[in-house]
Amino acid sequence: MRRTALLRGLGGALAVVLVIGLAADAYAQSFFDSLPSIQGLDSAAFAGDTLITDSTGKVILADVGNHGDHRLAVKLKDVAPVAVLATVAIEDRGFYTNPGFDLAGIVRAAFDNLRAGHIVGGGSTITQQLAKQQFLTPEQSVSRKIKELALSYELSQTYSKDQIMELYLNKSFYGSQSYGIEAASQSYFQVPASKLDLAQAAMLAGLPQAPTEWNPALHPDQAKVRQAEVLRAMVRANYISQEDMDKALAEKLTYYSPINSFKAPHFVDYVLAELRQLGFQPGVQQLNVQTTLDWSMQQKGEAVVSSNLNANLWRDRNGALSSGLVAVQPTTGNILVMVGSPSYNSTGGQINYTTIPRNMGSSMKPYTYGAVINARAATVDTPVYDGPSPLVYKDAYSTTKIYNYDGKTHGVLPLKKAMGNSLNIAAVKVELSIGVPAVLTWMRNLNVFPRYIAQDGAYNATAPPDQYGPSLTLGGYPITLLEHVEGIATYADMGIYHSPEAVLKVTDSHGTVLYSTHPDQRARLAIDPAVAYIMAQIMADDQNRCMIFGCNSALHWSDRTVAAKTGTTDNFKDAVTIAFTPDLATGLWVGDILDNRHVMVAGSDGVFVASPGVHTFVSQALAGVPGNRWYTAPPGVVAGPNNSWYLADTTKVEKLPGDNPPSPTPSGPSYVVPADPGTGPVLASPVPSPCPSPSVPPVPCP
């Protein structure tokens with residue numbers, strides 16, 4: 001009976017043990033199943049900075065971190081070995097031998113916690129700290145600690161020590177908004193992590209445990225104490241000698257506070273917006289962005305905008321003048337220069353005046369004349385009657401009176417001189433010869449979208465054509481300077497339109513290409529190359545504008561062939577000049593940015609206000625490019641006398657449709673939209689020499 005009872009007792013005990021074992025196994029399985037996956041860890045996938053560079057990839061325009069934080073991934077091979085040793089010495093001396101946790105350290109921490117009555121430390125290894133940073137919350141609890149140990153063991157079984165060290169160095173916070181040793185090295189010492197010396201490495205290695213208290217930029221004395229602790233730990237581990245330690249302590253270090261100073265800041269803003277449109281998260285994703293910006297040319301543009309504006313401040317003493325300049329490569333649409341305002345940090349300076357709509361005045365006329373030539377309604381020599389004055393236009397909505405700048409008429413002129421001299425009456429007649437909707441369609445085909453302004457002030461870039469009036473050709477409807485320059489660049493690339501591009505390539509921190517662009521992907525033949533060529537010839541011939549502007553104005557280059565046109569808006573609110581060659585299309589806007597009560601003084605025409613800046617910029621930007629570099633006449637054009645060029649199928653149009661001989665001119669009317677006068681002595685431009693095809697960098701013409 002006793003044996004039976006004993007056997008029954010043992011059987012019951014065994015059953016209990018089995019039940020407990022099965023329950024423990026089930027709990028353990030459930031526990032490990034509840035842990036996050038440790039597979040596929042890669043420091044390149046951590047949240048990180050977006051580095052934006054110029055077109056060469058060498059000039060860093062911006063280091064963009066989320067909310068100002070900086071995260072830069074780096075391979076372990078690109079971290080100075082002394083920094084790794086310093087980290088091991090102070091954080092986890094047994095890192096290379098332990099299984100991810102340190103039992104002795106845990107026991108010591110347990111006694112410390114018991115004495116304190118609450119959790120004050122956990123004896124964490126580097127692997128445990130990585131597990132906590134990557135997977136767990138910072139709460140201090142037993143269950144979290146158990147998860148930390150389990151994850152640390154899994155990490156040690158899955159990844160090599162070098163992989164774990166690389167992950168840790170890239171994940172740790174070092175203060176001053178710097179995540180990862182590369183960001184910290186760049187921030188505190190302005191050197192890459194690969195160049196850290198012993199003193200710098202010891203300073204950084206001590207930061208992760210208390211990045212604010214030991215921040216050397218904020219608390220240099222406390223940081224020095226912590227540096228000494230790290231160096232002593234390295235001596236105890238036989239990583240360095242006492243002599244090495246003494247030299248490091250004696251080294252005088254210079255610390256830098258974090259800064260966010262972007263080069264070409266308006267362009268950087270534009271790039272960030274484009275990246276978001278592409279689906280990236282700049283400032284959160286670790287990205288390397290190679291842009292289209294020509295940094296050397298950008299610096300020239302910034303200097304020109306500043307100096308040109310300063311030369312014109314006297315024109316608007318009671319208002320506020322601003323300015324913007326943009327330049328693109330005609331053969332690609334790549335944005336080479338973008339200066340959104342004279343000073344990004346001034347009041348209102350963050351506004352990018354190259355990407356917000358402004359009135360562009362008579363600089364819009366090349367679109368009208370191109371549309372009319374394309375429609376075969378006129379040739380460059382078709383006579384246009386500059387009158388009557390005022391030219392009265394009536395529609396269902398209103399009556400508009402149109403005057404020339406000087407309130408006069410100028411008789412009969414060939415179409416090319418009517419355009420070159422920016423005669424408003426002639427321009428409206430040319431526009432009406434094919435109709436405002438036809439001119440609007442021509443503009444929109446070049447991605448130039450004049451904004452119809454509703455009664456509530458709202459802009460509509462796609463309003464029905466019948467809502468636009470004849471002031472379309474006079475710049476009465478706002479567009480952006482960027483779309484204007486890209487539109488006129490279509491003439492510069494002989495009819496090929498390229499959508500504007502700011503981003504060449506995006507890669508991750510491993511160099512894997514995530515996005516790239518090619519100009520052929522953004523190109524389309526928008527207009528007849530023959531029409532583009534004819535417009536380039538009209539706009540580059542200084543003889544076409546001498547009557548009003550005077551020969552050799554700022555629109556004329558004595559050492560190179562350049563096509564150019566000015567614009568001035570009503571009451572001198574805005575002044576614009578656009579210009580192009582086979583290698584560059586650019587535009588400069590200057591205007592008052594206060595309300596409509598503030599304008600420049602009378603006589604502040606585009607040729608005086610904006611053209612000098614464009615002249616200087618083009619000369620500097622194309623220094624070294626042959627001045628006689630120009631276009632080869634494409635198929636479909638034939639030459640006429642006095643630099644006249646015609647479409648091969650329309651060499652003569654006797655009369656502009658709807659035009660009538662001039663009638664008597666009324667005396668002394670006030671003008672509505674001024675043209676742009678100019679003056680100066682006569683200098684000859686170089687004889688154009690055609691090249692087979694425009695290219696950048698330029699090649700000598702044959």
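For clarity, every value in this text was computed on a predicted model and none was experimentally measured. (Residues numbered from 1 in each chain as written. Predicted model: local features only at pLDDT ≥ 70, side-chain atom pairs only at ≥ 80, totals over all residues. Heavy atoms only, no water.)

Asker: I'd like a rundown of the sheet that holds strand β15 (residues 503-507), residues and numbers included.
Answerer: Strand order in the open sheet formed by five strands is β2-β1-β5-β15-β16, and the pairing between neighbours is mixed. With partners counted over all chains shown, the strands left at the sheet margins are β2 (60-64) and β16 (513-516), one partner each. Each strand of the sheet is rotated relative to its neighbour by a mean of 15°, with strand direction disregarded. Summarising the sheet, strand β5 (residues 287-291) and β15 pair through four bridges and their orientation is antiparallel. Residue pairing for β15: Thr291 is matched across the bridge by Val503. (Pairing = 2+ DSSP bridges. Helix = DSSP H or I, 4+ residues; strand = E, 2+ residues; numbered from the N terminus. Axes fitted to C-alpha atoms, helices over the stretch in contact; angles between N-to-C directions.)

Asker: Before we move on, can you summarise the pairing of β2 with the specific residues and values?
Answerer: Regular strands place side chains that alternate from one sheet face to the opposite one. As paired strands, strand β1 (residues 50-53) and β2 are joined by four bridges and run antiparallel to one another. Along β2, the bridge assignment pairs Thr50 with Val64.

Asker: Mind laying out the pattern of salt bridges, listing which residues take part and the relevant values?
Answerer: According to the stated counting rule, one finds 14 salt bridges in the structure shown. Between Arg629 and Asp583 there is a salt bridge, with its nearest N and O atoms 2.7 Å apart. On the criterion of sequence distance, the pair formed by Arg629 in strand β21 (residues 629-631) and Asp583 in the loop between β19 (574-580) and β20 (585-592) is long-range, its members being 46 residues apart. Here Lys652 and Glu654 are joined by a salt bridge, their closest N and O atoms 3.2 Å apart. Across the pair, Glu654 and Lys652 agree in class, each one exposed. (Salt bridge = Lys/Arg side-chain N within 4 Å of Asp/Glu carboxyl O. Buried < 20%, exposed > 50% of the residue type's maximum accessible area, 1.4 Å probe, protein only.)

Asker: Pulling in residues and values, what's your account of the packing of helix α2 (residues 81-91) against helix α8 (residues 198-205)?
Answerer: For the pair α2 and α8, interaxial distance at closest approach is 8 Å and the crossing angle is 40°. Relative to α8, the element α2 lies oblique. Two packed elements cross with a definite hand, and for α2 against α8 that hand is right-handed. Contacts between α2 and α8 pair Val82, Ala83, Ala86, Thr87, Ile90 and Glu91 from the former with Leu198, Ala201, Ala202 and Ala205 from the latter. Among the residues making up the contact of α2 with α8, the classes are represented as eight nonpolar, one polar and one charged. (Parallel < 35°, antiparallel > 145°, perpendicular 65-115°, else oblique. Left-handed = near helix turned anticlockwise from the far one by under 90°. Contact = heavy atoms within 4.5 Å. Nonpolar A, V, L, I, M, F, W, Y, C, P; charged D, E, K, R; others polar.)

Asker: Break down the packing of aromatic side chains for me, citing the residues and quoting the values.
Answerer: Within the structure shown, the criterion is met by ten aromatic pairs. Judged by centre distance (6.4 Å) and plane angle (50°), the rings of Tyr367 and Tyr491 are tilted. Taken together, the residues span a long stretch of sequence, with Tyr367 in helix α13 (residues 365-374) and Tyr491 in helix α17 (residues 481-492) at a distance of 124 residues. Relative accessible area serves as the criterion here: at 0%, Tyr367 is assigned to the buried category. A ring pair is formed by Tyr452 and Tyr468, whose centres lie 6.0 Å apart and whose planes are at 65°; its orientation type is edge-to-face. Of this pair, Tyr452 sits in strand β12 (residues 452-453) while Tyr468 sits in the loop between β13 (459-460) and α17; the two residues are 16 residues apart in sequence, bridging distant segments of the chain. (Phe/Tyr/Trp six-rings, centres within 6.5 Å; stacked < 30°, edge-to-face > 60°.)

Asker: Outline the sheet that holds strand β6 (residues 321-328), listing residues and values.
Answerer: With antiparallel pairing, five strands are arranged side by side in an open sheet as β7-β6-β20-β19-β18. Each end of this open sheet is capped by a strand with a single partner; those strands are β7 (335-339) and β18 (563-568). Recorded for the sheet is a direction-independent mean angle of 5° between the axes of neighbouring strands. Of the strand pairs in this sheet, β19 and β20 are connected by seven bridges, and their pairing is antiparallel. Bridge pairing in β20 places Phe580 opposite Ala585.

Asker: Got a sec to walk through helix α21 (residues 611-621)? Specific residues and values, please.
Answerer: For α21, the complete set of buried residues consists of Ser611, Gly613, Val614, Phe617, Val618 and Ala621. Down the axis of α21, the buried set is contained in an arc of 155°. They therefore lie on one face. (Arc of directions from axis to C-beta.)

Asker: How would you sum up the state of the cysteines? Please name residues and give values.
Answerer: In the structure shown here, the tally under the stated rule is one disulfide. At a sulfur-sulfur separation of 1.8 Å, the disulfide partner of Cys546 is Cys551. Here the S-S torsion is close to 120°, and the disulfide linking Cys546 with Cys551 is therefore right-handed. For the pair shown, Cys546 and Cys551 are each scored as buried. (Disulfide = S-S within 2.5 Å.)

Asker: Outline the packing of helix α15 (residues 424-434) against helix α16 (residues 436-445), supporting the account with residue identities and numerical values.
Answerer: Put simply, α15 and α16 touch, their axes get as near as 6 Å, and they point 95° apart. On the basis of their axis angle, the class for α15 and α16 is roughly perpendicular. Across the interface between the two elements, Glu431, Leu432 and Ile434 of α15 pack against Val436, Ala438 and Val439 of α16. A breakdown of the residues in the contact of α15 with α16 according to their chemical character gives five nonpolar, no polar and one charged.

Asker: Let's hear about unusual backbone geometry: which residues, and what values?
Answerer: Gly387 connects to Pro388 through a cis peptide bond whose omega is -5°. With respect to the helices and strands, the residue Pro388 is situated in the loop between β8 (383-386) and β9 (391-394). Look at Phe572: it is not a glycine, yet its phi comes out positive at around 60°. Within the element layout of this structure, Phe572 appears in the loop between β18 and β19. Phe572 gets classed as buried once you look at its relative accessible area, which sits at 4%.

Asker: Quick rundown of the side chain of Arg545? Include the residues and the values.
Answerer: Assignment of secondary structure puts Arg545 in the loop between α18 (529-540) and α19 (546-549). A distance of 2.9 Å separates a polar side-chain atom of Arg545 from the backbone oxygen of Met539. Leave out the neighbours within four places in its chain, and Arg545 touches Gly420, Asn421, Met539, Ala540, Gly550, Leu555, His556 and Ala564. (Polar contact = N/O pair within 3.5 Å; in protein donor to acceptor, adjacent residues only side chain to side chain.)

Asker: An account of the environment of Thr368 is requested, with residue identities and associated values reported.
Answerer: As for its placement among the helices and strands, Thr368 is situated in helix α13. The buried category is assigned to Thr368, whose relative accessible area is 0%. Residues Thr368 and Val430 lie 62 residues apart in sequence; the distance between their C-alpha atoms is 7.4 Å. When residues no more than four places from it in sequence are discounted, the contact partners of Thr368 are Ala427, Val430, Glu431, Val439, Met443 and Thr473.

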